[in-house]
Amino acid sequence: MVQKVLQLKCQCNEYPWGKQGSESLAAQLCAKTPGTDFKIDENKPYSEMWMGTYPELPSYVLETGEDLQKVLDKHSQELIGHGVIRKFKHTMLPYLPKVLSIAKALPLQLHPNKDLAEELHRKDPSQFTDPNHKPEIALALSDFEAFCGFKSLEDIERLMQLEPLKKFLPEVKKPRFDDQTLKHIVREMLKASDETIAETNDALLKLPKEKFGKDTYIPDLIPRLSNQYDKCDNGTVVALVLMNYLQLKAGDSIYIPADGIHAYLSGDIIECMARSDNVLNTGFCPRADRNNVDTFCSVLTFTPHTAEEALLKPKKFERARNGKTKIYAPPLSEFNVLSTEIGDGENEMISAIEGPSILLVTKGSGTLKADGKEHKLSEGYIYFIGQGTEMEFHSDKALQIFTAIVE
Ligand SMILES: [Zn+2]
């Protein structure tokens, strides 16, 4: 008999934008998994905990130490299920959930669509390690700041009338300010020299605040972003002038489609994405780490085009018996995320999911009854749940659980 519920041991990476030491929720959760040798080093930043089977940072079965993917390969029918295997034509987990703890801006980026990802992977497999696209969602666990998609054309056109920004406009004025005009501006801003960007930021800071209309956060954020990277970083101008600046609360979520421009600025989040690690970076990172601006601009999508469009609203999950579970279901993606919140002494029951799930406890304690056994739930506990397994949660102390699912 194959065990359907496997407690996992996961790992953190140490990108420099991560929160320091035990300030990092990713590290805290990672350190709470029992039976691991992970100890927080206060001198290191911890950026992301990965929960899944992507080879760069795989998860292991806690009890046996086996690589989770090896177990899935051995028992693919029982754990992944034939429906999901048929859909994706492989026995790997089709998604990759992470916990991110962000102290400063992540690179300004997009994740290429499937066609471009295939091409980049073929040409440069060391940098583009898989041929897949990577739609992603970011779900706030605390206050979360992000730049996501573009502002409306009207808002951008208005801001572009500011004297220091006019040089990025097309020389020949078009009859209409449209997405082609915007694309031109993005390219000009990304290709601008260090001096041009520094001068632009200085000149914007000298303008009276009223000039920015409702976007007075722009002069407020210039010094902050310049401190994190450099006042020459092309990302500052693109993010502040052209993109939506979102200040989200715990429970809010955004969806990033393939080719969608985004940069996360601060906070702790659950991120879930298709099984991929492909990214094109163009700002908030050293010039040497940036990808080609023309490639970046050639695939850029103009959705979302307002802050409202970027939000992914959760719905009630109909297959949870006690109504304490919401579902975040991004369009066109390989996964959904369930968020379950159960008060002290309460229960929730989720009927069998016809595909593999990964479950993470972020708050509280209690038990999970599944596959004929009772399992302990506590902060930082992570489980793989095989397909076709009903889950019954009981909370001793208010539980918060996130579960990535696919069917
Ligand atoms: Zn991303």
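Not measured: the values here are computed from a predicted model. (Residues numbered from 1 in each chain as written. Predicted model: local features only at pLDDT ≥ 70, side-chain atom pairs only at ≥ 80, totals over all residues. Heavy atoms only, no water.)

Comments concerning the overall build of the protein
Logical step 1: Secondary structure assignment for the protein yields 12 helices and 22 strands.
Logical step 2: A compact globule built from 407 residues would reach a C-alpha radius of gyration of about 22 Å, and the protein, at 22 Å, matches this within 12%.
Logical step 3: Along the three orthogonal principal directions, the C-alpha set of the protein runs to about 70 × 45 × 40 Å.
Logical step 4: Looking at the 407 residues of the protein, the share that counts as buried comes to 58%.
Logical step 5: In the protein, of all internal contacts separated by at least 6 residues, the share reaching a separation of at least 24 is 76%. (Helix = DSSP H or I, 4+ residues; strand = E, 2+ residues; numbered from the N terminus. Rg over C-alpha atoms; globule rule 2.2 N^0.38 Å. Buried < 20%, exposed > 50% of the residue type's maximum accessible area, 1.4 Å probe, protein only. Contact = heavy atoms within 4.5 Å.)

Quick notes on the packing of aromatic side chains
For any pair of aromatic rings, geometry is given as the distance between the ring centres together with the angle between the planes.
Logical step 1: As enumerated under the stated definition, the model contains 8 aromatic pairs in all.
Logical step 2: In this structure an aromatic cluster arises from ring pairing among Phe147, Tyr217 and Tyr245.
Logical step 3: The positively charged end of lysine 104 is found above the aromatic ring belonging to tyrosine 229, 4.6 Å away from the centroid. (Phe/Tyr/Trp six-rings, centres within 6.5 Å; stacked < 30°, edge-to-face > 60°. Lys NZ or Arg CZ within 6 Å of the ring centre and 35° of its normal.)

Looking at the domain arrangement of the protein
Quoted interface sizes are often the accessible area lost when the parts come together.
Logical step 1: On domain assignment, one finds that the protein holds domain 1 (111-128 + 146-244 + 278-312) and domain 2 (315-405).
Logical step 2: A C-alpha centroid distance of 38 Å is found between domain 1 and domain 2. (Domains from an automatic or database assignment.)

With respect to the side chain of glutamate 334
Logical step 1: Structurally, glutamate 334 can be placed in the loop between strand 16 (325-328) and strand 17 (336-342).
Logical step 2: Of the side chains with opposite charge, lysine 114 lies nearest to the buried glutamate 334, which makes no salt bridge, at 4.3 Å.
Logical step 3: Polar side-chain contacts of glutamate 334 include one of 2.9 Å to the side chain of histidine 133.
Logical step 4: Ignoring any residue separated from it by four or fewer positions in sequence, one finds glutamate 334 in contact with Phe88, Pro94, Tyr95, Lys114, Asn132, His133, Pro135, Ala274, Ile405 and Val406. (Lys, Arg positive; Asp, Glu negative; His and termini not counted. Salt bridge = Lys/Arg side-chain N within 4 Å of Asp/Glu carboxyl O. Polar contact = N/O pair within 3.5 Å; in protein donor to acceptor, adjacent residues only side chain to side chain.)

What about the pairing of strand 22 (residues 391-405)?
Logical step 1: In the sheet, strand 17 pairs with strand 22 via 7 bridges, with the strands oriented antiparallel. Bridging across to strand 22, valine 337 finds its partner in alanine 404.
Logical step 2: In the sheet, strand 18 (residues 347-350) pairs with strand 22 via 4 bridges, with the strands oriented antiparallel. The residue of strand 22 that forms the bridge with glutamate 348 is phenylalanine 393.
Logical step 3: Where strand 19 (residues 357-370) lies against strand 22, 10 bridges are found, and the strand directions are antiparallel. Directly across from lysine 363, in strand 22, lies its bridge partner glutamine 400. (Pairing = 2+ DSSP bridges.)

Observations regarding the pattern of salt bridges
Logical step 1: Applying the stated rule across the entire model yields 23 salt bridges.
Logical step 2: For aspartate 268, the salt bridge identified is with lysine 19, shortest N-O distance 3.1 Å. Taken together, the residues aspartate 268 in strand 13 (residues 262-274) and lysine 19 in strand 3 (residues 19-20) connect sequence positions 249 residues apart. In terms of burial, aspartate 268 and lysine 19 fall into one category: buried.
Logical step 3: The shortest N-O distance in the salt bridge between lysine 324 and glutamate 346 comes to 3.3 Å. One end of the pair, lysine 324, is in the loop between strand 15 (315-316) and strand 16; the other, glutamate 346, is in the loop between strand 17 and strand 18, and 22 residues separate them in sequence.
Logical step 4: Assessed through its relative accessible area of 25%, lysine 324 is described here as partly exposed.
Logical step 5: One network of salt bridges, in which partners are shared, links Asp155, Arg158, Lys214 and Asp215.

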